[in-house]
Amino acid sequence: MVSVVAPRVESLSSSGIQSIPREYVRPQEELASIGDVFEEEKKHEGPQVPTIDLKDIESEDPLVRERCHEELRKAATDWGVMHLVNHSIPDDLTERVKKAGEEFFNLPVEEKEKYANDQGSGKIQGYGSKLANNASGQLEWEDYFFHLVFPEDKRDMSIWPKTPSDYTVATKEYAKLLRQLATKILSALSISLGLEEGRLEKEVGGLEEMLLQMKINYYPKCPQPELALGVEAHTDVSALTFILHNMVPGLQLFYEGKWVTAKCVPNSIIMHIGDTIEILSNGKYKSILHRGLVNKEKVRISWAVFCEPPKEKIILKPLPELVTEAEPALFPPRTFAQHIQHKLFRKSQDASK
């Protein structure tokens, strides 16, 4: 039996429809906050996502290094999201990763379908679109490609795009360097909590067990962008998330009760603190609510890499050193898999209210 595939959002977008199908229209209470993303990006008043310069993260000079760690700590505590510059990953490599992803998504839909995932049978890697599995039956205006990129021994190369030929080479190299960057960030975040520098990395699985999952999000042009979202409001379950994009705005952060649109900062990598680090730090570092807007004029593409602990092997809970009588544990112990289930359950409850 062939499973019925919902049309890809790209196919809907290129079919020439003037109005979007009902299941893509957001609920009334959400619509009031969805504006024109290009207008939103031009706004300079109000809070802005911080930019953190990592040039000195491993400086020999302890004062210079501490200043960098302090900037990172402030951004992780206050926002939980930031633009990283001087992140040590060569710009020509990030450009190659983006070019390869764009070329893959420029292939005809039927070509991409050869890589289709099958969520029903648990085959989550590959090309896909969101299924209406939530209680509201809502869909998001995006297609995506999802696969594990690190550690090497856990990759399934059979699912990686064969076209363009540079896809595999560039993505492997990027994953390797991103894994090194994750270590530097986790070290600095550990030190800022008064912990041993290797502590957070160890708690999320270390080199052997921490997984890097790449999701290329493809947001086609949308005829009614004021009614839809590319990705609905959520926090990341990961430890850290690193994001590249094609310089088209779309990311919004819910900060101090308002949606703030992230600017497009050249040669930066956006980094989110995910729920995993929020839990381990007992809420000192924030996992911020965020969403993605779409637009009529330009396709937006982002490359998110989620750094995740293993699903079952580690119990996530606030680290004992960070729990006191004055600051009791804010989160119960759960495995990563249980945390994900808990979030899905809460979401389905909210949707059925």
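Residues numbered from 1 in each chain as written. Predicted model: local features only at pLDDT ≥ 70, side-chain atom pairs only at ≥ 80, totals over all residues. Heavy atoms only, no water.

If you check an unreviewed UniProt entry, the protein appears there as Anthocyanin synthase from Rhodamnia argentea. Entered under Cofactor (unreviewed entry) in the UniProt record, the comment concerning the protein runs "L-ascorbate". According to UniProt, the comment filed for the protein under the heading Sequence similarities (unreviewed entry) is "Belongs to the iron/ascorbate-dependent oxidoreductase family." (UniProt positions renumbered as here; feature names shortened; annotations may be inferred.)

A.B. asks: So what's going on with the sheet that holds strand β12 (residues 300–308)? Residues and values would help.
C.D. replies: Taken in spatial order, the 8 strands make up an open sheet running β1-β2-β10-β7-β12-β5-β4-β3, and their pairing is mixed. Each edge of the open sheet is held by one strand with a lone partner, namely β1 (51–53) and β3 (126–129). The sheet shows a mean angle of 30° between the axes of neighbouring strands, direction not considered. Pairing of strand β4 (residues 143–150) with strand β5 (residues 211–219) involves 7 bridges; the strand directions are antiparallel. By the bridge assignment, Leu148 is partnered in β5 with Gln213. (Pairing = 2+ DSSP bridges. Helix = DSSP H or I, 4+ residues; strand = E, 2+ residues; numbered from the N terminus. Axes fitted to C-alpha atoms, helices over the stretch in contact; angles between N-to-C directions.)

A.B. asks: Account for unusual backbone geometry, with residues named and values stated.
C.D. replies: Each neighbour pair has its own omega, and for Phe150 with Pro151 the value is 0°, a cis peptide bond. Mapped onto the elements, Pro151 comes out in the loop between β4 and α7 (166–192). Along the chain, Thr163 connects to Pro164 via a cis peptide bond; the corresponding omega equals 0°. Not every positive phi belongs to a glycine, and Ser88 is a case in point at roughly 80°. When you line up the elements, Ser88 lands in the loop between β2 (81–85) and α5 (91–105).

A.B. asks: Could you give me a rundown of the pattern of salt bridges, with the residues and numbers involved?
C.D. replies: Scanning the model with the defined rule gives 25 salt bridges in all. Between Glu30 and Arg26 there is a salt bridge, and its shortest N-O distance comes to 3.0 Å. Classification of Glu30 as buried rests on a relative accessible area of 17%. Of the residues examined, Arg26 reaches a relative accessible area of 5% and is grouped as buried. (Salt bridge = Lys/Arg side-chain N within 4 Å of Asp/Glu carboxyl O. Buried < 20%, exposed > 50% of the residue type's maximum accessible area, 1.4 Å probe, protein only.)

A.B. asks: Describe the packing of helix α4 (residues 62–78) against α7, naming the residues involved and giving the relevant values.
C.D. replies: Where α4 contacts α7, the axes come no closer than 9 Å and their chain directions differ by 85°. When the axis of α4 is compared with that of α7, the two are roughly perpendicular. Of α7, the residues touching α4 (which contributes His69, Leu72, Arg73 and Ala76) are Ile185, Ala188, Leu189, Ile191 and Ser192. (Parallel < 35°, antiparallel > 145°, perpendicular 65-115°, else oblique. Contact = heavy atoms within 4.5 Å.)

A.B. asks: Any chance you could break down the packing of aromatic side chains for me, citing the residues and the numbers?
C.D. replies: As enumerated under the stated definition, the model contains 10 aromatic pairs in all. A ring pair is formed by Phe105 and Tyr218, whose centres lie 4.8 Å apart and whose planes are at 5°; its orientation type is stacked. Pair noted here: Phe105 is in helix α5 and Tyr218 is in strand β5, with a separation of 113 residues, a long-range link. On the basis of relative accessibility, which here comes to 1%, the residue Phe105 falls in the buried class. Among the residues examined, Tyr218 registers a relative accessible area of 8% and is labelled buried. Plain terms: the ring middles of Trp160 and Tyr167 are 6.3 Å apart, the flat faces sit at 90° to each other, and that makes the pair edge-to-face. According to the relative accessible area criterion, Tyr167 is buried, its value standing at 1%. Taken together, the ring pairs connect Phe104, Phe105, Tyr115, Tyr127, Phe145 and Tyr218 into an aromatic cluster. The ring of Tyr144 has Lys215 sitting right over it, with the charged end atom 5.0 Å from the ring centre. (Phe/Tyr/Trp six-rings, centres within 6.5 Å; stacked < 30°, edge-to-face > 60°. Lys NZ or Arg CZ within 6 Å of the ring centre and 35° of its normal.)

A.B. asks: So what's going on with the side chain of Lys215? Which residues, and what values?
C.D. replies: Relative to the helices and strands, Lys215 resides in strand β5. Using a relative accessible area of 18% as the deciding quantity, one classes Lys215 as buried. In this structure the side chain of Lys215 is engaged in a polar contact, spanning 3.1 Å, whose partner is the side chain of Asn217. Leave out the neighbours within four places in its chain, and Lys215 touches Glu142, Tyr144, Phe145, Phe146, Ser302, Trp303, Ala304 and Phe306. (Polar contact = N/O pair within 3.5 Å; in protein donor to acceptor, adjacent residues only side chain to side chain.)

A.B. asks: Lay out the pairing of strand β10 (residues 269–273) in plain terms, naming residues and giving numbers.
C.D. replies: In terms of burial, β10 is a largely internal element, 5 of the 5 residues being buried. Burial of β10 is two-sided: the residues Ile269, Met271 and Ile273 facing one way and the residues Ile270 and His272 facing the other way are all buried. The sheet contact formed by strand β7 (residues 240–245) and β10 spans 4 bridges and is antiparallel. Of the residues in β10, the one forming a bridge with Thr241 is His272.

A.B. asks: Which residues make up the sheet that holds strand β11 (residues 290–292), and what values do they have?
C.D. replies: Spatially, the 4 strands line up as an open sheet ordered β6-β11-β8-β9, and their pairing is antiparallel. Bordering the open sheet on either side are β6 (231–234) and β9 (258–261), each of which pairs with just one other strand. Neighbouring strand axes in the sheet, compared pairwise and without regard to direction, differ in orientation by 25° on average. As paired strands, strand β8 (residues 251–255) and β9 are joined by 4 bridges and run antiparallel to one another. Within β9, the residue paired with Tyr255 across the bridge is Lys258.

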